[in-house]
Amino acid sequence: MQAKNTSVPFIAAATTALLIQLAFPTAAHAAAPVAAVPAARTVGTIEAVHQFQTGPMPTGVTVSAKGRIFVNFPRWGDDVPFTVGELRNGAVVAYPSQAANTFDAKKPADTLSSVQSVVVDALDRLWILDPAAPGFQTRIAGAAKLVAVDLATNKVVKTIIIPADVALDTTYLNDVRFDLRAGKAGVAYITDSSVSGPGAIIVVDIDSGRSWRKLSGHPSTSPDPAFVPFVEGQRLAQRAPGKAPQPFAVAADGIALSADGATLYYSPLSSRHLYAVPTKLLLDAGANDAALAAAVRDLGEKGASDGLEADDKGRLYAGDYEHNSIHQRQADGQWTTLASDPRMLWPDTLSVGPDGYLYFIANQLHRQAGFHDGKDLRQKPYMLFRTRINAGPVMLK
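Just so you know, these numbers come straight off a predicted model, no measurement behind them. (Residues numbered from 1 in each chain as written. Predicted model: local features only at pLDDT ≥ 70, side-chain atom pairs only at ≥ 80, totals over all residues. Heavy atoms only, no water.)

Participant: Go over the sheet that holds strand β6 (residues 117-120), please, and point to the residues and values.
Facilitator: Within the open sheet, the 4 strands sit side by side as β6-β7-β8-β9. Their pairing is antiparallel. Pairing within the sheet leaves two strands with one partner each, and these edge strands are β6 and β9 (155-161). Averaged over all neighbouring strand pairs, the angle between strand axes comes to 20°, with direction disregarded. (Pairing = 2+ DSSP bridges. Helix = DSSP H or I, 4+ residues; strand = E, 2+ residues; numbered from the N terminus. Axes fitted to C-alpha atoms, helices over the stretch in contact; angles between N-to-C directions.)

Take a look at the structure:
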């Protein structure tokens, strides 16, 4: 028994030596320099529209019918002098005014707290979605709202407060899409991407201002409990100094409306699945919840997304923050990669412009201090990119 045991390392060593000799037959070969690792493969072509060399991290972007570009900056910890801005002559300026961007707790409906999304509708109005939850904290009472600005006059023309029974204490209003044909003045669909409560789709009647929750807590609007994301080679998790990593669990986030308005697409940020539901079942506030839940379709995996969008040719777009990519879903359900580039560090909000381009923010969200034991690893500039798709936005009116 002893002799057998001592022979094992000898055999292993001889085998290893033989493998090394086969792999490196000469000393000169062994000393040769290691081949350089090839650069990351790119797909498609992306163009830089704007570099955010200074200031806070942006999340949203939208483009008006006349080509005006608007962006927003949520108050998550950066110094944010204004939470909505317009790109003018290579600079970002407060929009619609600095006064509107200076939050006043005594005027929660009239001033902006921490804007998460901006979207231009079919009437060329800029809609501002304010979850009123700076730093993902509890929503500020009376401040969660949708605000419409007439781009012809740059004046606020409508403000819709989302009440406490719809925007819950745990609610985080994330992204919004519009169909102006429904009801008297149209409807808005909003994702609730809560990090501590039920996710949902929130429907807002623009004429009356009434709103209601749908699919609240449904698996399709909730984080996938089996989801484990990896970004830049590291598991994405909340990491506080001295504490064990905690899952980054975010509910319904990306949202897109089909070109005919009949289907709403959405996905939790903490998931790789795409879901779809008929809008007719969302529009009836009193519709049977069981029937609605039964109508939800799981369309399979698309990558992990922090943004969805659709175009007027029936195609869908999904970001993939694990792979610095954006994918395109054809009308027949097949996916292709539209763009992939190492500069696309966390592709966030997607927006189709009137010029045939898909615009998107790359904001390095995953490098924030909360994911790295209190160390902020973001490196400016943050970027606004675009890539050509030869299609227009979904504009329903």
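Read on, since the account is not over.
Participant: If you had to explain unusual backbone geometry to someone new, which residues and values would you point to?
Facilitator: With omega at -5°, the peptide bond leading from Y95 into P96 counts as cis. Assignment of secondary structure puts P96 in the loop between β5 (91-94) and β6. In this structure, P381 follows K380 across a cis peptide bond, with omega equal to 15°. Locating P381 in the fold gives a position in the loop between β27 (357-362) and β28 (382-388). Phi angles above zero are rare outside glycine, and E232 is one such case at about 50°. Mapping E232 onto the fold places it in the loop between β14 (230-231) and β15 (234-235).

Participant: Which residues make up the packing of aromatic side chains, and what are the values?
Facilitator: With the rule as written, the count across this model stands at 10 aromatic pairs. Both rings, one in Y266 and one in Y275, keep their centres 6.0 Å apart while their planes meet at 25°; by these two values the pair is stacked. Each member of the pair, Y266 as well as Y275, carries the same accessibility label: buried. A network of ring pairs unites the aromatic residues F52, F73 and F82 as a single cluster. R386 extends its terminal NZ or CZ atom over the ring of Y357, reaching a point 3.7 Å from the ring centre. (Phe/Tyr/Trp six-rings, centres within 6.5 Å; stacked < 30°, edge-to-face > 60°. Buried < 20%, exposed > 50% of the residue type's maximum accessible area, 1.4 Å probe, protein only. Lys NZ or Arg CZ within 6 Å of the ring centre and 35° of its normal.)

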